[in-house]
Structure formats: structure tokens, C-alpha cells
Number of protein chains: 10
Amino acid sequence: MLYCVHMTVNVPQGMDPERFERLKAEEKAVAQDLQRSGKWRHLWRVAGQYANISVFDVDNHDELHGLLSSLPLFPFMDVTVTPLARHPSAID
Amino acid sequence: MLYCVHMTVNVPQGMDPERFERLKAEEKAVAQDLQRSGKWRHLWRVAGQYANISVFDVDNHDELHGLLSSLPLFPFMDVTVTPLARHPSAID
Amino acid sequence: MLYCVHMTVNVPQGMDPERFERLKAEEKAVAQDLQRSGKWRHLWRVAGQYANISVFDVDNHDELHGLLSSLPLFPFMDVTVTPLARHPSAID
Amino acid sequence: MLYCVHMTVNVPQGMDPERFERLKAEEKAVAQDLQRSGKWRHLWRVAGQYANISVFDVDNHDELHGLLSSLPLFPFMDVTVTPLARHPSAID
Amino acid sequence: MLYCVHMTVNVPQGMDPERFERLKAEEKAVAQDLQRSGKWRHLWRVAGQYANISVFDVDNHDELHGLLSSLPLFPFMDVTVTPLARHPSAID
Amino acid sequence: MLYCVHMTVNVPQGMDPERFERLKAEEKAVAQDLQRSGKWRHLWRVAGQYANISVFDVDNHDELHGLLSSLPLFPFMDVTVTPLARHPSAID
Amino acid sequence: MLYCVHMTVNVPQGMDPERFERLKAEEKAVAQDLQRSGKWRHLWRVAGQYANISVFDVDNHDELHGLLSSLPLFPFMDVTVTPLARHPSAID
Amino acid sequence: MLYCVHMTVNVPQGMDPERFERLKAEEKAVAQDLQRSGKWRHLWRVAGQYANISVFDVDNHDELHGLLSSLPLFPFMDVTVTPLARHPSAID
Amino acid sequence: MLYCVHMTVNVPQGMDPERFERLKAEEKAVAQDLQRSGKWRHLWRVAGQYANISVFDVDNHDELHGLLSSLPLFPFMDVTVTPLARHPSAID
Amino acid sequence: MLYCVHMTVNVPQGMDPERFERLKAEEKAVAQDLQRSGKWRHLWRVAGQYANISVFDVDNHDELHGLLSSLPLFPFMDVTVTPLARHPSAID
């Protein structure tokens, strides 16, 4: 099932830069694993913002929540989730 | 270039149902042509709303505006456009 | 899977009262069938508003959208959908 | 009487992790007691967010406020409360 | 139990003035009966707007919804309801 | 003259608990004096939030501002003020 | 006492132009009388909008509401009222 | 002086198409005259919306309001105006 | 030219009280000088908030920005600026 | 291609003034280079705010994001991006 997920990262002021770099590296690794697994189907950068629009393909809400809430940057994110149904005009 | 486009259709009250069905059929035909051409890359229904989240792949803003503003249902739509850049963690 | 759905009904001005009563009766019948089937698990009235907060239990987004968009009053509704995951402190 | 309560937890930056873990454990214990007592009737996780949608069944506003304001995580929460009346189409 | 209720009346354009005057007269009669019964404890006009801030004293959400939804002007109202608990500093 | 005042208290993170308890005690004393004087006519707790809805009865805006801005918790408050006129349907 | 009043006029679609011109002429006459009386102390046009920012000097909320609600264009207005107290740095 | 003006056109439902085409043609003529005069310095289409972002160069607010409020489509517009000062990093 | 300026002061938590008192004193001095010069034409306190509604009379946007951005409390302010044109019904 | 970019700078409380002055100087240098290159086509100050409205002329979203996200003050900015298409009434 598909979910459109909009994530905005709010880097806390005074955050230890090195720690944040480590978190970002971990985030990248997790994101790439999930993309290779097909779970994280699309990952785009919102131009001009520290945010992304993604599409996840997972079995259910619990799995989605598990993936998102375990992202290293989750504690610094504002997240909105939009369930995507099949559009009657979609050809794929 | 990719654009995330969120379209919400507001069916005007008192609209002639037959005319609206014709418009919807035209909209579907246009949408399917654009998908086949690769311009309208993704088209998903927002579950529970007469709205969609789409991703367009076009050359520039003018082309995007031309496509969107000529959609049969455009006069009844609220549209937001988000330019999508390449995400540093994206694997594709 | 559970979805929290908030529906607000906007009765169009100048709507034929008899037609709207018929629609409401149809809506009630559909809602009660869906509750009996277990799909529409909870249906509560927001006190003071022509709105409800409901919980649906369906297999996926497509099924949810199918049910909601076929409700007789759907054309007059503002709808928000929130996917509900299992809470780690929930005992049921 | 039923109340729909939407709680979003904002974990303060620089919060002592151990203290927060203790608070979370206390919160879980309180939440589970209240569920066993029937006061906290439903507790669902908003997929993708550190938030929940709950339904409380208590005698009056004072009791609701007493329960919510004594939750260990209350100081870190944004809370909205919606009183739920009986829906004319509800079958239970 | 006390509820703070904020009602804004949106007079539909093209409404038959005489019909609306009748509705307003009925609304006034109902409001004054409810005040005399103690249910509608406070009724204040928001200065500069066709809106009021009221406090209702009723037994439960169902009674509140029954009263509000049967007001003659209810179909033309935006209503927000805030449950009021006892304040620890209140002297009455 | 009557003013409806909605006060939300935002307890700053890292605030010295003892200092805040003192401030709260001072706030309570001031609030109770003002209630006894008739200036602070109504004080209700918004169920589920560290907020109150109050009605003040003072001579003018300056007096209102003087009272509110000298409340011990004022620096931690979001405040909205709504001037209340006499409602044509009010019986008192 | 001073009130800052922001009025936005929403001209209903399909309004009889002549009727609206009459209303506007009446509005102008009332506004100019009130200015001459000192009640309507300032009247400025919000550049680019059919709206104004005004300052009224009246004795109390009831008088303000009476003046505003009897303006010929009141039924077509969105109005916000902000009570103005004396500023400690004001020299007049 | 420069003003950034964001104009969104809301085509009223049921508007006579021919009348609206005439208005649009008049609007275009006015807009092009003003551009040639240097008053309307920039005019860009917001991609995906019946809206534009413009920059006007006029002597004062009155002149701006005069120009905007006399645009043929002004009655159908939502307009926001942002005064633009010289940026300390601007090189022109 | 006239500008309506709404300034809300957000006192940062943990701010050195003495430093803030000095800033406030400097702000008052600047404000009073500007009022005596006629630039800061009106200065009113929003009743109940640490905010003011002011009217500035300056030659252009640059001068306005220069004055506002050099206010001692500017770094702690949320500011909105509304250009005021002459109202056709204004008598002064 | 043109993008309208609205940037609001939020200076974090407790920021080392000297470091922020360095960042601002770097920002100015980068901004002036980009203006000279034609990429940053317009840069205006929003009067009364620590914000700017700019127009960028770059080849695609990736280039825009690259430029914006590498601005020294980017971490302290709220940014909105609006793609600008050619307006049918534009004469240039």
C-alpha cells in the first residue's frame, strides 16, 4: 500500500554538529536500504527546504510507523502522512 | 524536471451532472495521454478526498502550467505545486 | 487496518430539502450496513457540529476510498483521514 | 461520556534521555491502568507522528481534565479535546 | 457541566429576508427559554461580528448537541465547543 | 464592560520548578482577589489544556491590560481578548 | 475608548450593481457622519484590497457593536476588533 | 517605490463566459499599458494556479491602490501587497 | 505615506532581565523621538498582549524599514506591515 | 527558469553575535556573486521584517536547491519557493 509522507527536518539550535553528521549518515544508510527493499519507493527533496516528499510502499500503518519512527532523524521531524489509493485515471 | 502537484477538485453546487461527467471523461483521457507520454509520471488518489497527489516530469514551469491550466477540471481545482530536487540519499 | 476519519457535512444553500432528506436516509442505511459488517467500527457525532469522527477497519486505502466516496453525502463533505497504528501502550 | 482527545508529544531538545524514558514508562503504566478501568477506552498511534488519537469515557469535564493533566507527559503535549455525542446513525 | 460555545452566523446571500427574520425571532424565543431554564447560562455578543460566545450548563454532550442542532439558525452557523472544567483558582 | 479572555500558559522548558510553583501561587492569589472584587467575573479551565477561558468586567481597555499584564504568569501566556457586547436575546 | 477595527468587504457575486452603489453611498454618508462626530476617528484604505483599517473612539463595546452592525455594508463584511489600550511609550 | 503584489483570480461559478473573456482582454490591455509605462515592472504567472506574482513601481500607496482597484478582474481577486525596501546585499 | 504596523514582542526565555529593561528603555526613547518627529504617528497597546498597533508616516519603504529594523526590540519582534491608502470616505 | 523565493531569517536566541556577523558577511558575498552571475536576478527586502523576496533564474530545481541550501544563513531560514511561468499578458 502506498503512503505519501512529507518530512521536514528541524535542526535544533546548538546541536552538536558531529553528532548530527553521524545521524545524517545513519539516516542515509537506512533510507538507501529501505529504497533497495522497495519499501521506500520514492524520495525527493523539496527544492529550497530541508524537507522531502516520499512515497512508501508497505503492508500496513504499523509497518509505516515502525519505519518512520525508527529513522535516526525522526525526533527532529515534522511528518504528515497521506494514504494514497489507486486513481481511476492511473494507467499503471 | 519533477514537480509534485496536489490537486483538489471542488465540484460547484448546482453543476449540470451530465456536463461534469463529460468533463471528467475528457480529464481522464488527457491524464492518460500525459501518463503515456511520461509527462504525468505518477497519479495517486488521496484516500477519502476528491483530490490527487501527482508527480509531473516536464521541461520547465511554462510547460507544467500549460498542461495543468488546460486540464478540463482545472477551473474547479485548488492546486499546489512543489518543485522536487534530487535527494542526496535517493538511490535511483 | 484502522483509519480515523473526520467528516464535516456542508449542506449547500438552496438544496431541495426533500432531496437532502432522501440522501440522509440513504446515508444512514449505508452507514448502518457498514457498521454491521464491522467496516465502520465507530461513529460518533461531534457535539455542536454537523460532523462526525469515525474509525474504519478495512483492508487498505482503496477499500476506504471506495466506501467513503460512495457515501450519498460524500459530495457535501470535507473529509480528513488519519491512519491509525497500534499504540505501544494499548492493552487491547 | 465520550471525548475524542488528540495528543501530540513534543520532546524538548536537550531533555535528559533517562528522565524521559522514566516518564514514558510511567505514562505507559498510567495509560494501561486507565484502559483497564475503562476510562481510556481507545488509544491509537497516529501513524508517522509521536501523537495519539484516544477516546475517553468519563463522567465529566473535571474528571477528564484531572486524568489528562496528571499524565506524566502532559507538560510536553499539545492536546485537543472534542466532545462526542451519540450519532443518529450509530447502531451500538 | 459547562461548555463554552462560539457561534458565528453566516447569512446566506439571497436569503429571503422575511424568512430570516422569522428564523431570528424563533431563535430568540428558543434562546430565552433556554436561558430561563438555566441551560443557556451566558449569552454575549462578540462586538463587531454576527457571532456570540455562550456558556451552556447541561448534563452531557448529547443534550448539548440536541439543543444546538435544533436552534433555528443552526444550519447557518459555524460552531466551536470547548468543554470547561473547574479552575483550581476559581472561587465560586 | 465585559471581555472574554482566553489565556494559554506555555511553561518554558528548563524553568526552575520551585520558581514556577511560587509564580503559580502568586497567580492564584491575584486571581482570587480579582474574582472577589468582581473584576474577574468568570474563570474556567479549558478541559485538557493548561489554558483558561475567563470573563473580565472592568471599566476600560487600559484597566484590562493593566490587570492582565501584571499577572505573574503573563510572560508565559498567549492571550486573546474578545470584547463582549450585550446580546439582543440575552435575558439578564 | 479606542478600538482598531479591520473590515473586509466581500461583494457577493450576482449582487445588483445599482443596489450595491446605493449601499456604498449610504455607507459613505454614515461613515462621514461618524467621523465628524469623532466616533470614527481614523479610516484608512488597505492598499490593494476592498478593506479598511479604522480606529473607533466610543464609550463601550455595545456602542461599537451598534455602530458597526448598522453599517449598510455590514452584512458583506468580515470584521475583526482589537481593543487598544494606552501604550506606555505613547507621548500623546 | 516597489511593491510585491500576489493576485489570485477566483472565477465565480456561473459567470457568463463571454463577459469574462471581455474582462480578461481588458485586463490584458491595462496590464500591458502599465508595463509599458514602467509602473507594472514584473508580471509572472504562478505555475499551476490562476494567480500572478507582480512587482509594481509607483510613487505611493494611493497610486498602487488606484491601479489595482481599477483592474477589470479586481472584483474577482484575492490580493496581498508586500512593500519592498532596498536589500543591503542587492547590487543593482 | 502611512503604514499600519503590528508589532508583537516575544521575550526570549532566559533573557537577562536587566539587559531587557535597558533595551525597553532605549526602545521607549527611540519611540518617543520618532513620535515627536511625526514619523511614528500613532502608537497603541493591544489590550492583553505584549504587542502594539502603530501608524507610521514616512516617505518610503526604505525609511520605514530603516526605522523598524533599528528599534532596540526589533530582534524580538514579529512585525506585519500594511500600506494604508486614502479611503474614499475619509473626511480628513 | 524563474523561481520566486521568500526567505525569512530567524536569528536563534543566544547566537554568538560575532559568528552571526561573519555568517551575514559571507551571505552578502555569496548573494552578490550570484547576482553578478545573473542567477539571483532580484533581491528585495520585505519592509519591516528580516526577510527577503527574491527571484532566481537557474536551469532547474537541483541547481536552485544547491544554491539555497549552501547559503550561510540557510540553517536559520524559513523558505518558500514558487515556480514562475510566463504570464500571457507579460510584455517582456
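Residues numbered from 1 in each chain as written. Chains lettered and ligands numbered in written order. Predicted model: local features only at pLDDT ≥ 70, side-chain atom pairs only at ≥ 80, totals over all residues. Heavy atoms only, no water.

As recorded in an unreviewed UniProt entry, chain A goes by Muconolactone Delta-isomerase and comes from Azospirillum ramasamyi. Looking at the Catalytic activity (unreviewed entry) heading of the UniProt record, one finds this comment for chain A: "(S)-muconolactone = (4,5-dihydro-5-oxofuran-2-yl)-acetate". Checking UniProt for chain A, the heading Subunit (unreviewed entry) contains the comment "Homodecamer." (UniProt positions renumbered as here; feature names shortened; annotations may be inferred.)

1. Considering the overall build of chain A
In terms of helices and strands, chain A carries two helices and four strands. Going residue by residue from the N terminus, the α and β elements of chain A occur as β-α-β-β-α-β. Its C-alpha atoms put chain A at 50 × 25 × 20 Å along the principal axes. The buried share of chain A, taken over its 92 residues, is 55%. Sequence-distant contacts in chain A: of pairs separated by 6 or more residues, those separated by 24 or more amount to 68%. Total accessible area on chain A is roughly 4000 Å²; 50% of this is exposed by carbon and sulfur atoms. Charged side chains in chain A number 9 positive and 12 negative. The centres of these two groups are separated by 5 Å. (Helix = DSSP H or I, 4+ residues; strand = E, 2+ residues; numbered from the N terminus. Buried < 20%, exposed > 50% of the residue type's maximum accessible area, 1.4 Å probe, protein only. Contact = heavy atoms within 4.5 Å. Areas by Shrake-Rupley, 256 points an atom, 1.4 Å probe, with all protein chains shown as cover. Lys, Arg positive; Asp, Glu negative; His and termini not counted. Charge placed at Lys NZ, Arg CZ, Asp CG, Glu CD.)

2. A closer look at the sheet that holds strand E2 (residues 40-46) of chain J
Pairing is antiparallel in the closed barrel, where eight strands are placed in the order E1(H)-E3(H)-E2(H)-E4(J)-E1(J)-E3(J)-E2(J)-E4(H). Here the average twist between neighbouring strands, direction ignored, is 35°. Taken together, the eight bridges between strand E1 (residues 2-9) of chain J and strand E4 (residues 77-86) of chain J define a ladder with antiparallel strand orientation. Counted as the bridge partner of Tyr3(J) is Pro83(J) from E4(J). (Pairing = 2+ DSSP bridges. Axes fitted to C-alpha atoms, helices over the stretch in contact; angles between N-to-C directions.)

3. A short note on the UniProt feature "domain: Muconolactone isomerase" (unreviewed entry) in chain A
In the numbering used here, UniProt assigns the "domain: Muconolactone isomerase" (unreviewed entry) feature to residues 1-89 of chain A. The distance from the first to the last C-alpha atom of residues 1-89 of chain A is 18 Å, and the span holds 34% helix and 36% strand.

4. Topic: the interface of chain F and chain G
Listed as interface residues are 13 residues of chain F and, on the opposing side, 13 residues of chain G. Across the chain F/chain G interface, buried area totals approximately 920 Å², and carbon plus sulfur atoms make up 74% of it. Broken down residue by residue, the surface that chain F buries against chain G is led by Met1(F), His61(F) and Pro83(F), which jointly contribute 54%. Taken together, chain F and chain G are joined by zero salt bridges. Counting across the interface, chain F meets chain G through four residue pairs in polar contact (both at pLDDT 80 or more). Those elements that place two or more of their residues in the side of chain F that touches chain G are strand E1 (2-9), helix H2 (61-69) and strand E4 (77-86) of chain F. If you tally residues by element for the side of chain F that touches chain G, the top one is E4(F), at five residues. (Buried area = accessible area lost by both parts, 1.4 Å probe. Salt bridge = Lys/Arg side-chain N within 4 Å of Asp/Glu carboxyl O. Polar contact = N/O pair within 3.5 Å; in protein donor to acceptor, adjacent residues only side chain to side chain.)

5. With respect to the interface of chain A and chain B
On the side of chain B, 27 residues touch chain A, which itself brings 27 residues to the contact. Both sides of the chain A and chain B interface together cover about 2500 Å² of buried area, and 66% of this is carbon and sulfur. Of all residues in chain A, Trp44(A), Arg45(A) and Ile91(A) give up the largest surface area on contact with chain B, accounting jointly for 25% of the area buried on that side. Taken together, the connections running from chain A to chain B amount to zero salt bridges. Those elements that place two or more of their residues in the side of chain A that touches chain B are strand E1 (2-9), helix H1 (17-37), strand E2 (40-46), strand E3 (51-57) and strand E4 (77-86) of chain A. Per-class residue counts for the side of chain A that touches chain B are 15 nonpolar, seven polar and five charged. Bridging between E2(A) and strand E4 (residues 77-86) of chain B involves three bridges; their strand directions are antiparallel. Along E4(B), the bridge assignment pairs Trp44(A) with Arg86(B). (Nonpolar A, V, L, I, M, F, W, Y, C, P; charged D, E, K, R; others polar.)

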